[in-house]
Amino acid sequence: MATTEYTHAASSAEATRDYDGWITAGYGILGAIALVALYFASGGPGNGEAALAMMVAMP
């Protein structure tokens, strides 16, 4: 009985592992955008750090 050539196909875990860095970077960028949006929504530099912290903790 002859054996046939077997080609290994990448599993889904190996295929998605390549995107982990991009996903992490995307979440970091979205977090930074959210903080900038909160900063501008709070009225800019006129409000203190406590007001910004309250907006982040209690939306």
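Fair warning: this is a prediction, and the values are worked out from it, not measured in the lab.

(A) Representation of the overall build of the chain. Each helix and strand in the chain was counted, giving 3 helices and 0 strands. Burial statistics for the chain: of 59 residues in total, 3% are counted as buried. When the accessible surface of the chain is summed, it comes to about 5300 Å², and 68% of that surface belongs to carbon and sulfur atoms.

(B) How the structure looks around the confidence of the model for the chain. Averaged over all residues, the pLDDT of the chain equals 76, while 64% of them reach at least 70. Confidence, expressed as mean pLDDT per element, reaches its minimum in the chain at helix α1 (residues 12-17) with 67 and its maximum at helix α2 (residues 20-41) with 89.

(C) Looking closely at a nonpolar patch on the surface. Together, Tyr19, Trp22, Ile23, Tyr27, Ile29, Leu30 and Ile33 give the surface a local cluster of nonpolar side chains, amounting to about 900 Å² of exposed area. In this structure Ile23 comes out as partly exposed when scored by relative accessible area, which is 45%.

Rules and cut-offs
- Residues numbered from 1 in each chain as written.
- Predicted model: local features only at pLDDT ≥ 70, side-chain atom pairs only at ≥ 80, totals over all residues.
- Heavy atoms only, no water.
- Helix = DSSP H or I, 4+ residues; strand = E, 2+ residues; numbered from the N terminus.
- Buried < 20%, exposed > 50% of the residue type's maximum accessible area, 1.4 Å probe, protein only.
- Areas by Shrake-Rupley, 256 points an atom, 1.4 Å probe, with all protein chains shown as cover.
- pLDDT = per-residue confidence, 0-100.
- Patch = residues over 30% accessible without salt bridge, like charges linked within 9 Å, V, L, I, M, F, W, Y side chains within 5 Å.
- Salt bridge = Lys/Arg side-chain N within 4 Å of Asp/Glu carboxyl O.

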